[in-house]
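Descriptive structure summary
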Amino acid sequence: MTTATANTPEAVPGLDHIMQTGLAFWASKVLLSAVETEVFTELAKGPEDLPTLTGRLGLHPRGARDFLDSLVALGFLVREDGNYSNTPSTGLYLDKHKPSYVGGLLEMANHRLYRFWGGLTTALRTGLAQSEAAQGNDTFATLYADPARLKEFLRAMTGVSRGANTSIAARFPWAKYKTAADVGTAQGDLIVQVALANPHLSCIGFDLAEVAAVFEDYVESNGLSARVKFHGGSFFTDPLPKADVIMMGHILHDWNLDEKRMLVRKAYDAVPEGGAFVVYDSIIDDDRSKNAFGLMMSLNMLIETPGGFDYTGADCIGWMKEAGFRETRVEHLVGPDSMVVGIK
Ligand SMILES: C[S@@+](CC[C@H](N)C(=O)[O-])C[C@H]1O[C@@H](n2cnc3c(N)ncnc32)[C@H](O)[C@@H]1O
């Protein structure tokens, strides 16, 4: 066995990871443009050859072949005998006509975040948001001023949250409780999944009044209108609806420290003795060295909001204890998401 010295090739540190990450936006934008041009929705109808697909998608022939073959090489399409088709994953998750579609998040990433992240260095130097909030506008008011953007954002939230939502619906000890409210519910996927898995529960989705129609359509399409109601209001100016369990998914990370603490206190006031508060986000590991997605989500909050940031389980437990919750725990859900539970 030989020992590598500073001059032998084995001793040279790897470059691949640096280059792959540095140019990762190429792959990202290929996938986002494929969602935008509806490649996967088109191919869900059946395999197509290059000229047919180029024509149907409205692409210029110069880049079409490289674009589609890049999708093959990246593992998002397969090509057999010159015909392109979806993989099992892209056929399931990126065909707009399937209920399992999660492209809403990628549509939003393409229309908004891709551009805003171009300002990351500026955000790091100034501490200022680079999104619609850059002009001092309220992030949600600006998003919601345009009904198409409102719907895109709310559907995107369903896409990003579905895995955690089904996990909370299945794993939380719901049998102990009768009522649940999801605060900042968006389209309502969390409360819908909880209600579907727990027929004994009466449920509320709480959000800004503009969200009502999108929420109610979604609840109705799941056959839950009798048991899941919308409650319009602002969690800054209104009390939260009373319930045995209050949930907040991807809410605390939007706001600054004082606002976070205020929301935790409002949740404490809204639940009865023995009631529960369930917070979930891409909770950062306490050592802040492993959950890269959670850490970059926090940078996303820097880009998107005036004061938002993501946090560790220990941070959240601290705010819960300060509000008065007597028992707390952190439980991993799926992927980068964990929930923090406080019992009053
Ligand atoms: C990042 S989304 C999270 C949506 C959903 N809980 C999820 O995890 O998919 C934040 C939600 O908070 C809502 N929201 C923002 N400001 C609010 C306010 N002042 N009062 C009530 N809801 C608000 C937004 O409308 C949006 O639905």
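We now turn to the structure provided with this report. It should be emphasised that the depicted structure is a prediction, and the values quoted were computed from it without experimental measurement.

So, how was this worked out
- Residues numbered from 1 in each chain as written.
- Predicted model: local features only at pLDDT ≥ 70, side-chain atom pairs only at ≥ 80, totals over all residues.
- Heavy atoms only, no water.
- Pairing = 2+ DSSP bridges.
- Helix = DSSP H or I, 4+ residues; strand = E, 2+ residues; numbered from the N terminus.
- Axes fitted to C-alpha atoms, helices over the stretch in contact; angles between N-to-C directions.
- Contact = heavy atoms within 4.5 Å.
- Near = heavy atom within 4 Å.
- Polar contact = N/O pair within 3.5 Å; in protein donor to acceptor, adjacent residues only side chain to side chain.
- Areas by Shrake-Rupley, 256 points an atom, 1.4 Å probe, with all protein chains shown as cover.
- Nonpolar A, V, L, I, M, F, W, Y, C, P; charged D, E, K, R; others polar.

Okay, the sheet that holds strand β5 (residues 202-207) next. Pairing is mixed across the open sheet formed by 7 strands, whose spatial order is β6-β5-β4-β7-β8-β10-β9. Because the sheet does not close on itself, it has two edges, and the strands there are β6 (228-232) and β9 (327-332). Strand-to-strand twist of the sheet, defined as the mean angle between neighbouring strand axes without regard to direction, takes the value 20 degrees. Here β9 runs beside strand β10 (residues 338-343); their pairing, made up of 6 bridges, is antiparallel. Across the sheet, the residue bridging to Thr328 is Gly342, located in β10. On top of the sheet, helix α11 (residues 189-197) reaches β4 (179-183), β5, β6, β7 (245-249) and β8 (276-281); it is set at about 160 degrees to β4, its chief contact.

To continue, consider the environment of Phe140. Mapped onto the secondary structure, Phe140 falls in helix α9 (residues 139-144). Each C-alpha atom of the pair Phe140 and Val341 lies 26 Å from the other, and the pair is 201 residues apart in sequence. If near-sequence neighbours (up to four positions away) are discounted, Phe140 is found in contact with Phe153, Leu208, Asp254 and Trp255.

The next point concerns the site of the ligand. In the vicinity of the ligand lie 20 residues, with Tyr144, Ser161, Gly184, Asp207 and His250 positioned nearest. Backbone polar atom of Ala186 to an oxygen atom of the ligand: 3.4 Å apart, as the coordinates give it. Within the contact set of the ligand, an oxygen atom lies 2.7 Å away from a side-chain nitrogen or oxygen of His250. Here the ligand has 590 Å² of accessible area as a free molecule, and 95% of this is covered by the chains. Contributions of two or more residues to the shell around the ligand are made by α9, α10 (147-171) and β5. The leading source of residues in the shell around the ligand is α10, at 3 residues. When its residues are assigned to classes, the shell around the ligand shows 12 nonpolar, 6 polar and 2 charged.

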